[in-house]
Amino acid sequence: MASLFSDLFETPKIPGLSYREDLLSRDEELRLIAGIDASALEPFRFQGWLGKRLTSSFGWRYDFDDAHFGPTDPMPDWLLPIRDRAAAFAGLDPDSLAQALLIRYDPGAGIGWHRQRPAKPFSLFGSRLASSTSQDVLAFEGPDIRDARSHLWHLCHPRRSMMETRMATAPNDALIVICPACATANRLPRERLVKGGTCGRCKQPLFTGDPVTLTAANFDAHASRSDIPLLVDFWASWCGPCRQMAPAFSAAAGQLEPYMRLGKLDTEAHQAIADRYAIRSIPTMILFRGGREIARQSGAMPQQAIVAWARQATKPV
């Protein structure tokens, strides 16, 4: 599909698009940035994948994991003045602006081409804010399309469903990798993932080719904070099939690293975690990505079956 812009920064050529610069004063912009940063922003989720950008929705929310669209928390009071200003700019009733989307792009959080998925026939608004360390976007049902500060744009045209937007990928795109020795979060450039690296705190290798021993002290760090999927073997020392599968699981770690972390959790020693994930039989393997369970398999498996199952489960939908 041809882009609607020959130059991302030129005057838009889309019918129905209005644009205004200097919407906010610098003090207003800083207060709005502070409000966004103080909000409960969460990593963007898309069909099991965890994005780098942080988001929060008010009024209405679209869930990209289960395709559910429904009401959520109302807009906070500190957002209402800019909503009213946006409505006045477009000649609309402020109450007709039913959704606000907050997005924060921290260093390393890039975004490529994407197409809008309008769920209701709302007008679209967007405003980009910039601080010294991140970029914040406030959108009323729409994305940012130009690299200008404190601006407001409004689009009310059928071609909005075909709009494409693009923000350049940050040059320092990096992955968060949890150290298997001390559970410290390390930033590892994506291009260095295969070569591995050492922990900035304890200086131990970030990848060893062996499963990490998971405990109550490090489980959540590996399962939720890491950008690398975590495959956990829930086992117990008295379990014959668990002992039988142990060598295969260890060998699978050598094949799946560094694109996946493998870990073993003793269900007898850490019953609370086993209960959290409703472990009813062992061995049970659970694959996590971004803190969410994305696949589960019970029963002992040989090495190549473990590898094939894990790779298949982490393929994009």
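So, how was this worked out
The written sequence of each chain sets the order in which its residues are numbered from 1. It should be noted that, the model being predicted, local features are given only for residues of pLDDT at least 70 and side-chain atom pairs only at 80 or more, the latter also being counted only at that level, while totals for whole chains, interfaces and linings use all residues. Water and hydrogen atoms play no part in the side-chain values, which are based on all heavy atoms of the structure. For this analysis, a salt bridge means a side-chain nitrogen from Lys or Arg found within 4 Å of a carboxyl oxygen belonging to Asp or Glu. The buried label goes to any residue with under 20% of its type's maximum accessible area, the exposed label to any with over 50%, and the partly exposed label to all in between, with areas taken from a 1.4 Å probe on protein chains only. Fitting a line to C-alpha atoms yields each axis, with helices limited to the stretch in contact; the angle taken between N-to-C directions then spans 0 to 180 degrees. Secondary structure follows DSSP: runs of H or I at least 4 residues long count as helices, runs of E at least 2 residues long count as strands, and numbering of each begins at the N terminus. Any angle between 65 and 115 degrees counts as roughly perpendicular, while under 35 counts as roughly parallel, over 145 as roughly antiparallel, and the rest as oblique. By convention the crossing between two helices is left-handed if the near helix lies anticlockwise of the far one by an angle smaller than a right angle, and right-handed if it lies clockwise. Between two residues, a contact is recorded if the distance between any of their heavy atoms is within 4.5 Å. Nonpolar residues are Ala, Val, Leu, Ile, Met, Phe, Trp, Tyr, Cys and Pro. Charged residues are Asp, Glu, Lys and Arg, and all others, Gly as well, are polar. By this definition, two strands are paired if DSSP reports at least two bridges between them. Think of it this way: a Phe, Tyr or Trp ring, Trp meaning its six-membered ring, pairs with another when their centres are within 6.5 Å, and the plane angle makes it stacked under 30 degrees, edge-to-face over 60, tilted otherwise. For the purposes of this analysis, a disulfide is any pair of cysteine sulfur atoms at a distance within 2.5 Å. The span one expects for a helix is its residue count, reduced by one, times 1.5 Å. Values of bend correspond, residue by residue, to the angle between axes fitted over the seven residues ending at that residue and the seven starting there. Per-residue confidence from the predictor is reported as pLDDT, a score between 0 and 100. The arc in question is traced by the directions running from the helix axis to the C-beta atoms.

### Let's talk about the pattern of salt bridges
Then comes step 1: Within this structure, the stated rule accounts for eight salt bridges.
Then comes step 2: For Glu 293, the salt bridge is made with Arg 296, and the minimal N-O distance between the two is 3.0 Å.
Then comes step 3: With a relative accessible area of 33%, Glu 293 lands in the partly exposed category.
Then comes step 4: If you follow the salt bridges from partner to partner, you end up with Arg 83, Asp 84 and Asp 95 in one network.

### Concerning the packing of helix 4 (residues 240-256) against helix 6 (residues 303-313)
Relative orientation and spacing of two packed helices are given, respectively, by the angle between their axes and the distance between those axes.
Then comes step 1: Between helix 4 and helix 6, the shortest axis-to-axis distance is 8 Å and the interhelical angle comes to 50 degrees. If you check the angle between helix 4 and helix 6, you find them oblique. Remark: the crossing between helix 4 and helix 6 carries right-handed chirality. Contacts between helix 4 and helix 6 involve Met 245, Ala 248, Phe 249, Ala 251, Ala 252, Gln 255 and Leu 256 from the first element and Gln 303, Gln 304, Ile 306, Val 307, Ala 310 and Arg 311 from the second.
Then comes step 2: Class assignment for the residues of the contact of helix 4 with helix 6 results in nine nonpolar, three polar and one charged.

### Remarks on the sheet that holds strand 18 (residues 292-298)
Then comes step 1: Taken in spatial order, the five strands line up as 14-16-15-17-18 in an open sheet, and their pairing is mixed. Across the chains shown, the open sheet's two edge strands, defined by having one partner strand only, are strand 14 (212-214) and strand 18. When the angles between neighbouring strand axes are averaged without regard to direction, this sheet yields 25 degrees.
Then comes step 2: Set on the sheet, helix 4 makes contact with strand 15 (230-235), strand 16 (261-266) and strand 17 (284-289); between it and strand 16 the angle comes to about 155 degrees.

### Re the packing of aromatic side chains
When we look at a pair of aromatic rings, we describe it by the centre distance and by the angle of the planes.
Then comes step 1: Counting across every chain of the model gives four aromatic pairs.
Then comes step 2: Judged by centre distance (5.8 Å) and plane angle (45 degrees), the ring pair of Phe 219 and Tyr 277 falls under tilted. One end of the pair, Phe 219, is in helix 3 (residues 219-225); the other, Tyr 277, is in the loop between helix 5 (271-276) and strand 17, and 58 residues separate them in sequence. Residue Phe 219 shares its accessibility class with Tyr 277, and that shared class is buried.
Then comes step 3: Judged by centre distance (5.0 Å) and plane angle (75 degrees), the rings of Tyr 277 and Phe 288 are edge-to-face. On the criterion of sequence distance, the pair formed by Tyr 277 in the loop between helix 5 and strand 17 and Phe 288 in strand 17 is long-range, its members being 11 residues apart.

### Quick word on the state of the cysteines
Then comes step 1: Under the criterion given, the structure shown has zero disulfides.
Then comes step 2: You can see Cys 199 has no disulfide; the closest cysteine sulfur is in Cys 182, sitting 3.6 Å from it.
Then comes step 3: The buried category is assigned to Cys 199, whose relative accessible area is 1%.

### A few points about helix 4
Then comes step 1: Under the 1.5 Å per step criterion, the end-to-end length of helix 4 is 25 Å for 17 residues, consistent within 8% with the ideal 24 Å.
Then comes step 2: Residue Ala 246 marks the point of greatest curvature in helix 4, where the axis turns by about 40 degrees; the proline Pro 247 follows within four residues.
Then comes step 3: For helix 4, every residue scored as buried is listed here: Cys 242, Met 245, Ala 248, Phe 249, Ala 252, Ala 253 and Leu 256.
Then comes step 4: Of the surrounding elements, those touching the buried residues of helix 4 are strand 15, strand 16, strand 17 and helix 6.

### Focus: unusual backbone geometry
Then comes step 1: Of note, the amide linkage connecting Glu 257 to Pro 258 takes the cis form, showing an omega dihedral of 5 degrees.
Then comes step 2: Of note, the bond from Ile 282 into Pro 283 is cis; its omega dihedral lies within 30 degrees of zero at 0 degrees.
Then comes step 3: For Ala 183, which is not glycine, the phi dihedral falls at a positive 65 degrees.
Then comes step 4: As for its position among the elements, Ala 183 is in the loop between strand 12 (174-178) and strand 13 (185-189).
Then comes step 5: The class of Ala 183 is buried, set by a relative accessible area of 18%.

### Details of the confidence of the model for the protein chain
Then comes step 1: The pLDDT averaged across the protein chain works out to 78; a share of 69% of its residues lies at or above 70.
Then comes step 2: Residue range residues 141-151 is modelled with pLDDT below 50. Its contacts to residues more than four positions away, or to other chains, number 57 contacts.
Then comes step 3: The low-confidence segment residues 157-172 (pLDDT under 50) makes 47 contacts with residues lying over four places distant or belonging to another chain.

### Description of helix 1 (residues 26-37)
An α-helix turns once every 3.6 residues. As a result, residues three or four positions apart point the same way.
Then comes step 1: Between the first and last C-alpha of helix 1 there are 16 Å, a value that for 12 residues agrees with the 16 Å anticipated at 1.5 Å per step.
Then comes step 2: Of all the residues in helix 1, the buried ones are Glu 29, Leu 32, Ile 33, Gly 35 and Ile 36. Take helix 1 and look down its axis: the buried residues cluster within an arc of 160 degrees, on one side only. Structural note: helix 1 exposes Asp 27 and Arg 31 on the side pointing more than 90 degrees away from its buried face.

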